[in-house]
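# Summary of the model geometry
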Amino acid sequence: MSDTATLDSHQAATPPDGHTPYSAWLQTDLLHSLQRTLTDHPGEHAWNTHVQVTELYWMLIIRELQSAQRCLRADDLAQACRTLRRIVAHHEALDANWRLIEWMTPNDLFAILTRVVATYGKDTALQGWTYRQMVYLLGIKQEEHLQHFTPQPRRREQLDRALAEPSLYDDVLAYFSRIGMEVPKALLERDLRAPYVPDGRVEQIWRAIYAEPNAHAGLQQLGETLADIAQGFCQWKYRHLMATRRTFGARPAYFGTEGVAWLAPTLDEIPFPELWSARTHIGTPQAACPHQASRER
Ligand code: HEM
């Protein structure tokens, strides 16, 4: 039986008044009503679309991360990896999304921001809860950011819970432990609200996984997918930093500190730290640089 025949054989419902099935299903009227501009700047729609699309993707990534955590807790590594691969694709779309606002000069940005400040007050994206929840799920636990959500108590509570819950990396370590790898007990039982401190014994686990790729094919695939996710996350941060340099320069930002100077050190906040530090020791011969080798030939 064809799919069409299967669909036809069901009783077709009627959409609510004033809707087509498409608009009722995907809430398109509601969606487009969210595009409210504050100025007559011709690029404001592009700005709003960029930010709202980014918000949707961050929420999507949160859902995927939580779903991958559930798979790991059920010891389903293959399904966890399939879920995480989708995040790699989402990061590519997020990266391309920066193109929407790369035309902006400082004049363009401030034409919009001046009206935002006059209408809603001085804003900072640090008050975006989706980004913070995603970052907590990626294992970068910084409690100090909760303070920005005092005006939004429900979101503050939600983030407070997210801070205290395991990150994806915590679930990876718990999975390693269940399959017999030697994850220190203190790490598994640590205070999840505190920043994660990298541990040489976890680095050793990644080294062991990459030392025998055939014996640990699934785990190496997990490692490479996590590396792709960390890279996609850092790529977003780099493009954000460049957008800030391009439209904002060295102006003081929300906290009175220079915006670029505040952002630049955060580029070193890379998720899954031992997955990266282990790479200094993976492969033979040790410390062989391919460029050096070709120069010596
Ligand atoms: C292009 C113009 C932009 C400028 C000049 C800018 C500037 C800044 C600055 C200075 C900060 C540091 C915190 C603060 O002082 O407020 C910041 C943080 C942040 N911005 Fe932007 N931003 C821009 C665009 C965006 C866009 C389009 C998004 C999201 C769609 C965004 C999301 C964020 C996030 C999530 C943070 C926190 C970063 C972290 O915690 O590491 N920004 N931004």
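In this report, the structure presented in the accompanying data block is examined.

With that settled, consider the coordination of the iron atom of the ligand. In ideal tetrahedral geometry, four donors around a metal make angles of 109.5 degrees, whereas ideal octahedral geometry with six donors gives angles of 90 or 180 degrees. Counting protein donors around the iron atom of the ligand gives one, H240 (NE2), at 2.1 Å. Looking at the secondary structure, you find H240 in helix α12 (residues 217–248).

Right, let's get into the layout of surface pockets. By volume, the second largest pocket amounts to about 270 Å³. If you trace the second largest pocket, you find 18 residues lining it, with G139, I140, Y196, I270 and P273 closest to the centre. Its residues assigned to classes, the lining of the second largest pocket comprises ten nonpolar, three polar and five charged.

Bringing the state of the cysteines into the picture now. Inspection of every chain in the model, using the stated rule, returns zero disulfides. Note on C71: no disulfide assigned, nearest cysteine sulfur contributed by C81 at a separation of 9.7 Å. Distance from the sulfur of C234, which forms no disulfide, to the nearest cysteine sulfur (C81) is 19 Å. Residue C234 is classed as buried on the basis of its relative accessible area, which comes to 18%.

Examined against the element boundaries, T247 turns out to sit in helix α12. Polar contacts involving the side chain of T247 include one to the main-chain carbonyl oxygen of A243, which spans 2.7 Å. If near-sequence neighbours (up to four positions away) are discounted, T247 is found in contact with M104, T105, P106, L109 and F110.

We now examine the nonpolar core. Within the largest apolar cluster, 56 residues are counted, with the highest numbers of intra-cluster contacts made by L65, L84, M134, F176, W206, L226 and F272. For this core, the elements supplying multiple residues, two or more each, are α4 (44–73), α5 (77–97), α6 (106–120), α7 (129–137), α9 (168–178), α11 (200–211) and α12. Setting aside residues up to four positions removed in sequence, F176 forms contacts with M181, V183, I205, W206, I209, L219 and L222.

Right, let's get into the site of the ligand. Taken together, 24 residues lie around the ligand, and T124, A125, R132, K237 and H240 are the ones closest in. At 2.7 Å, a side-chain N or O of K237 approaches an oxygen atom of the ligand. If you list the elements that add at least two residues to the shell around the ligand, you get α4, α7, α12 and α13 (259–263). In terms of residue count, α12 provides more of the shell around the ligand than any other element does, seven residues in total. Residue composition of the shell around the ligand, grouped by class: 14 nonpolar, eight polar and two charged.

Let us now look at the packing of α7 against α12. In a packed pair of helices, the relevant descriptors are the angle between the two axes and the axis-to-axis distance. Here α7 crosses α12 at 140°, and the two axes come no closer than 12 Å. Considering the angle they form, α7 stands oblique to α12. Handedness of the crossing formed by α7 with α12: left-handed. Residue-level inspection shows Y131, M134 and V135 of α7 in contact with α12, the latter providing F233, W236 and K237. Of the residues contributing to the contact of α7 with α12, the split by class is five nonpolar, no polar and one charged.

A word on empty space enclosed by the protein. For the coordinates displayed, the defined rule picks out one cavity of 30 Å³ or more. When its volume is computed, the largest cavity comes out at roughly 30 Å³. For the largest cavity, the full set of lining residues is W58, H91, L94, Y131, M134, F233 and W236. At the level of secondary structure, the elements contributing two or more residues to the lining of the largest cavity comprise α5, α7 and α12. A class-by-class count of the residues in the lining of the largest cavity yields six nonpolar, one polar and no charged.

Before going further, it helps to spend a moment on the environment of D199. Along the polypeptide, D199 turns up in the loop between α10 (185–188) and α11. Excluding anything up to four places from it in sequence, D199 contacts P184, L187 and E274.

Before going further, it helps to spend a moment on the pattern of salt bridges. In total, this model carries 13 salt bridges according to the counting rule given. A salt bridge links R73 to D171; its shortest N-O distance comes to 2.8 Å. Taken together, the positions of R73 in helix α4 and D171 in helix α9 put the pair 98 residues apart, joining distant regions of the chain. Classification of R73 as partly exposed rests on a relative accessible area of 46%. By relative accessible area, which is 6% here, D171 ends up buried. Of the charged contacts in the structure, one is a salt bridge between R85 and D228, with a shortest N-O distance of 3.2 Å. Pair noted here: R85 is in helix α5 and D228 is in helix α12, with a separation of 143 residues, a long-range link. Overall, the relative accessible area of 35% leaves R85 in the partly exposed class. Under the relative-accessibility criterion, D228 is labelled partly exposed at 30%. Through salt bridges with shared partners, one network takes in D95, R99, E102 and R239.

Each value, and the rule that gives it
The residue numbers shown here count from 1 along each chain, following its written sequence. The model is predicted, so local features are restricted to residues of pLDDT at least 70 and side-chain atom pairs to those at 80 or more, both for listing and for counting; the totals for chains, interfaces and linings are taken over all residues. No hydrogens and no water enter the side-chain calculation; it runs on all heavy atoms of the structure. Listed donor atoms are N, O and S within 2.8 Å of the metal (Na, K and Ca: 3.2 Å). As water is not included, a site may look incomplete. Secondary structure follows DSSP: runs of H or I at least 4 residues long count as helices, runs of E at least 2 residues long count as strands, and numbering of each begins at the N terminus. Residues are said to line a cavity or pocket when one of their atoms sits within 4 Å of a point; the points come from a 1 Å grid over protein atoms alone, cavities being sets where a 1.4 Å probe fits but cannot get out and pockets being open sets with protein on both sides within 12 Å along at least five of seven lines. Grid points are joined across faces, edges and corners, and a volume is the space filled by probe spheres set on the points. When residue character is reported, Ala, Val, Leu, Ile, Met, Phe, Trp, Tyr, Cys and Pro are called nonpolar, Asp, Glu, Lys and Arg charged, and the others, Gly included, polar. Cysteine sulfur atoms are paired as a disulfide whenever they come within 2.5 Å of each other. Burial classes follow relative accessibility: with a 1.4 Å probe on protein chains only, a residue under 20% of its type's maximum area counts as buried, one over 50% as exposed, and anything between as partly exposed. Whenever a nitrogen or oxygen atom comes within 3.5 Å of another N or O atom, the pair is scored as a polar contact, on the condition that within protein one atom can donate a hydrogen and the other can accept it, and that pairs from neighbouring residues in sequence are kept only if both atoms are in side chains. For this analysis, residues touch if any pair of their heavy atoms sits within 4.5 Å. For this analysis, a nonpolar core means a set of buried residues of the types Ala, Val, Leu, Ile, Met, Phe, Trp, Tyr and Cys, connected via side-chain atoms within 4.5 Å. Being near a molecule or strand, for a residue, comes down to having at least one heavy atom within 4 Å of it. The angle between two axes is taken between their N-to-C directions and runs from 0 to 180 degrees, where each axis is a line fitted to C-alpha atoms and a helix contributes only its stretch in contact. Orientation labels follow simple angle bins: below 35 degrees gives roughly parallel, above 145 gives roughly antiparallel, 65 to 115 gives roughly perpendicular, and whatever is left gives oblique. By the definition used in this description, the sense in which the near helix is turned from the far one sets the handedness, with an anticlockwise turn below a right angle giving left-handed and a clockwise turn giving right-handed. Any Lys or Arg side-chain nitrogen found within 4 Å of a carboxyl oxygen on Asp or Glu counts as a salt bridge.

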